[in-house]
Structures are given as structure tokens and as C-alpha cells.
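Take a look at the letters that make up each chain.
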Amino acid sequence: MSSEATQGQTDVQYGQLHPAETPELLAKKRVEFEEELKTLPTKERKSFEQAQEKCPELLTDDFKLMFLRSEVFNADLAAKRYAHYWDERIETFGP
């Protein structure tokens, strides 16, 4: 598994190659993450858009970074995981 994000990788953890988290990498991947969110189908965006309206203080860059890290900085997968998180959270706790 080699990608731009794993160049300059750090130790293998949990069978994953983790990139060195430089400010440049974080900035680039945050932008990619936001772009991927915009490309999700409307149905998948509904819950996190609702969260943006009702509790924007919860949608911080650090919170989104957790999703990027969990997907080893694959913005596409991180955006899908993030959207699914908000679907589940709203289903569990309500709007």
C-alpha cells in the first residue's frame, strides 16, 4: 500500500502505514476531505449538513482529522466514514 500520503511514513501500526503528519500534509488532506464531502450524494450528506446547521461547534478541524487518521489520510474513505458517523449519531440521539 503505497500512496502520496504514506511517503515519509512512520512505523507500521495495526497493519497500516502511517504518514509523517506535516503541516502541509494536514492542510492538503483537510481540503481534499472537504471536497470529497461535497461529492457525496445528497442523501449521504443530509445528516452532517443538519449537524452543520444545529451544532457547528462540533464540526471542528480536529474532529474531522480523527476521520482522516482512521482512514490513513484517504479523503474519500474518511468523508464516507464521517457521513456515516453523523447518520448513526442522529439515528441514535435524534436531530
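Keep in mind the model is a prediction, meaning the values are calculated, not measured. (Residues numbered from 1 in each chain as written. Predicted model: local features only at pLDDT ≥ 70, side-chain atom pairs only at ≥ 80, totals over all residues. Heavy atoms only, no water.)

### A word on the overall build of the protein
Stated formally: Under the scheme used here, helices are H or I runs from DSSP no shorter than 4 residues and strands are E runs no shorter than 2 residues, and both carry numbers assigned from the N terminus. Only protein chains enter the accessibility calculation, which uses a 1.4 Å probe. A residue is then buried if its area is under 20% of the maximum for its type, exposed if over 50%, and partly exposed in between. Residue contacts are counted whenever heavy atoms from the two residues lie within 4.5 Å of one another. With residues, only the protein chains shown are counted as cover, and all accessible areas are computed by Shrake-Rupley using a 1.4 Å probe.
In terms of helices and strands, the protein carries four helices and two strands. A buried classification covers 34% of the 95 residues belonging to the protein. Pairs at least 24 apart in sequence give 58% of the contacts found in the protein among residues at least 6 apart. Within the structure as shown, the protein displays about 6,300 Å² of accessible surface, and the carbon and sulfur contribution to it stands at 52%.

### A few points about the packing of aromatic side chains
We apply this condition: A pair of aromatic rings is counted whenever rings of Phe, Tyr or Trp (Trp by its six-membered ring) have centres within 6.5 Å, and the orientation is called stacked for planes under 30 degrees apart, edge-to-face for over 60 and tilted otherwise.
Scanning all chains against the criterion turns up 10 aromatic pairs. For the pair phenylalanine 48 and tyrosine 82, a centre-to-centre distance of 5.7 Å together with 50° between the ring planes defines the contact as tilted. With phenylalanine 48 in helix α2 (residues 42-54) and tyrosine 82 in helix α4 (residues 75-93), the pair connects residues that are 34 residues apart, well separated along the chain. Within the aromatic cluster, the residues linked to one another by ring pairs are Phe33, Phe48, Phe63, Phe67, Tyr82, Tyr85 and Trp86.

### Regarding the confidence of the model for the protein
Detailed reading of the predicted coordinates is not advisable wherever pLDDT falls low. What counts is decided by this rule: The quantity called pLDDT is the predictor's confidence in a given residue, expressed from 0 to 100.
With 84% of its residues at a pLDDT of at least 70, the protein reaches an overall mean of 86. When mean pLDDT is taken per element in the protein, helix α1 (residues 23-39) scores highest with 95 and strand β1 (residues 12-13) scores lowest with 58.

### Notes on the side chain of lysine 64
Here is the rule we go by: For the purposes of these results, a polar contact is taken to be a pair of N or O atoms within 3.5 Å, where, inside protein, one atom must be able to donate a hydrogen and its partner to accept one; residues adjacent in sequence count only when each atom of the pair is a side-chain atom.
Position of lysine 64 relative to the elements: it lies in helix α3 (residues 61-70). Among the polar contacts listed, one links the side chain of lysine 64 to the side chain of glutamate 34, at a separation of 2.7 Å. In this structure lysine 64 touches Phe33, Glu34, Leu59 and Tyr82, once residues within four positions along its chain are discounted.

### Describing α2
Defined as follows: For a helix, the expected span equals 1.5 Å multiplied by the residue count minus one. Bend, in this description, refers to the angle at a residue between axes fitted to the seven residues ending there and the seven starting there.
Given a rise of 1.5 Å per residue, 13 residues ought to cover 18 Å, and the 18 Å separating the end C-alpha atoms of α2 matches this to within 8%. The axis of α2 is deflected most strongly, by about 30°, at phenylalanine 48. Buried within α2 are the following residues: Arg45, Ser47, Phe48 and Ala51. The elements touched by buried residues of α2 are α1 and α4.

### Thoughts on the nonpolar core
Spelled out, the test is: The nonpolar core is taken to be a set of buried Ala, Val, Leu, Ile, Met, Phe, Trp, Tyr and Cys residues, with the residues joined through side-chain atoms within 4.5 Å.
Of all hydrophobic cores here, the largest spans 19 residues; its most connected members are Phe33, Leu37, Phe48, Leu68, Tyr82 and Trp86. At the level of elements, α1, α2, α3 and α4 are the ones that each hand at least two residues to this core. The leading source of residues in this core is α4, at six residues.

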